[in-house]
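# Survey of secondary and tertiary structure
For reference, the chains in residue letters:
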Amino acid sequence: MHPHVGGASRRAIIAGAAATGAASLAAVRAHAETKSDNVATPPSVITNPPRQWGRFAQPDIFPDPDIIVVDPAFKQSLLGITAIRRVWTGFKWAEGPAWSSEGQYLVFSDVQANTQYRYIWETGRVSKYRDPSYNSNGNSFDFQGRQLSTQDFNRRVIRWENNGMMTVIADQFEGKGLNSPNDVVPHPDGSIWFTDPPYGDSLSEGHPDDSGGSANAAGLLNPGVGAPDAGVIGGRKRQLPNSVYRWDPSGHLDVVVTEDQLPDPNGICFSPDYKTLYIISTGKGPGDKGPGGGGNVFAFDVQGSKLGGMRRFTDMMVDGVKCGPDGMRADVSGNLWISSNTVLGYAGVVVFTPQGKLLGRIRLPEVCANLAFGGPKRNMLFMCASQSLYLLQVQTQGAAPG
């Protein structure tokens, strides 16, 4: 863990809202902003001199030039006299933030470090919470204040009860082991909805399959090295397609979205009225054409325990740049705040109306994996961006819980 890092600061603001980013690595290193003769490069958070982060940097500039207003309506969600702050750094891959309203803390995962952390509101400091975390990834809190987590290593969804005991929500479907549940959300009816892509079958985020499995086809990897319980808990060959599931309080598990409908499901989020479910697809799916990767957000109508009316909410294209989505949260107005793990200048957060109109974006110097609203008033946006945790005060509230 690196030393505690305080608020972000600024030595200089970006010269011109339409300024273009570095066109080459050499230009980035020189902190210059240039234009390509062939392709316009995006504005960058590398300014000249570069933006400083930390308690010994220069004072902040308001409004923060790394908060980009695309539609004037975005200003309703912003506080003009605040700036993006980096509150902690030193992680390997920060993910899955979730706010405990009762405990007044943010819990989040460092997936590759196999550790869960907490940001304590009262002190503003980060401390280890669960170590090992079994490569926990997504986190949330249900309507009773209980923490929900997905574990890449154990390939399951769990719930921490209020008495401190752990309950396994799901680790198999029809007798076959799950792939690696990634993100999870509760519903007011007591159900739990989660995505199940294959990302936890890697050495860095979980453990590979047994020999012959899709993550270890040649059998060269030993899933038990450094993980002696892998053979007991998981370590098996992949058996199921990537899917989205609904767990009923009765214990019954149903597939609500299939791999054929939506490849590689990742982030998941309900609208404030729970009539719409949003799911991020990190694979190439319906509507994607031509070469290159996927990365889309789809919306579904919630029809009791089923889903219908699938449509693409956004293709995550901004200024010709594919802003790869990962995690997301809705605010009380129904706006969707989505993480962007793409090139510098567009890495951070993009914000859309419930109708899919781009409102604005928040630029970070690192790719952003996930985000959550927290703080006593739920008006603080926490952003897990690879090595660091960032914070921004806003003029809206996150849709509770988690």
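Up top is the structure these notes are about.
Thresholds, definitions, all that
- Residues numbered from 1 in each chain as written.
- Predicted model: local features only at pLDDT ≥ 70, side-chain atom pairs only at ≥ 80, totals over all residues.
- Heavy atoms only, no water.
- Helix = DSSP H or I, 4+ residues; strand = E, 2+ residues; numbered from the N terminus.
- Contact = heavy atoms within 4.5 Å.
- Areas by Shrake-Rupley, 256 points an atom, 1.4 Å probe, with all protein chains shown as cover.
- Salt bridge = Lys/Arg side-chain N within 4 Å of Asp/Glu carboxyl O.
- Buried < 20%, exposed > 50% of the residue type's maximum accessible area, 1.4 Å probe, protein only.
- Pairing = 2+ DSSP bridges.
- Axes fitted to C-alpha atoms, helices over the stretch in contact; angles between N-to-C directions.

Let us look at the overall build of the chain. Secondary structure summary: the chain contains 2 helices and 29 strands in total. A separation threshold of at least 6 residues defines the contact pool for the chain, and within that pool the share at least 24 residues apart is 51%. Accessible surface for the chain amounts to roughly 16500 Å². Of this, 51% is attributable to carbon and sulfur atoms.

Let's shift gears to the pattern of salt bridges. Per the counting criterion, the structure on display carries 13 salt bridges. For Glu259, the salt bridge is made with Arg238, and the minimal N-O distance between the two is 3.6 Å. Of this pair, Glu259 sits in the loop between strand 16 (253-257) and strand 17 (265-270) while Arg238 sits in the loop between helix 2 (230-233) and strand 15 (243-247); the two residues are 21 residues apart in sequence, bridging distant segments of the chain. For Glu259, a relative accessible area of 30% translates into the label partly exposed. Among the ionic pairs, Asp301 bridges to Arg311, the shortest N-O distance being 2.8 Å. Here Asp301 is found in strand 19 (residues 296-303), whereas its partner Arg311 is found in strand 20 (residues 306-314), with 10 residues between them in sequence. Asp301 gets classed as partly exposed once you look at its relative accessible area, which sits at 29%. A residue is classified by how much of its surface remains accessible, and Arg311, at 36% relative accessible area, is partly exposed.

Of note, the bond from Asp131 into Pro132 is cis; its omega dihedral lies within 30 degrees of zero at 10 degrees. With respect to the element layout, Pro132 can be found in the loop between strand 6 (125-130) and strand 7 (136-141). Omega for the peptide link from Ala400 to Pro401 comes to -5 degrees, which places this bond in the cis form. For Pro401, the location among the structural elements is in the segment after strand 29 (388-393). Of note in this structure, Asn114 is not a glycine but carries a positive phi near 60 degrees.

The subject of this paragraph is the sheet that holds strand 2 (residues 85-89). Whether parallel or antiparallel, the strands of a sheet pair through hydrogen bonds between backbone atoms. Within the open sheet, the 4 strands sit side by side as 2-29-28-27. Their pairing is antiparallel. A single partner strand is all that each edge strand has here, and the edge strands are strand 2 and strand 27 (370-374). Direction aside, the axes of adjacent strands within the sheet are offset by 25 degrees on average. Here strand 27 runs beside strand 28 (residues 380-385); their pairing, made up of 5 bridges, is antiparallel. Directly across from Phe373, in strand 28, lies its bridge partner Leu381.

What is shown is where atoms sit, not what they do.
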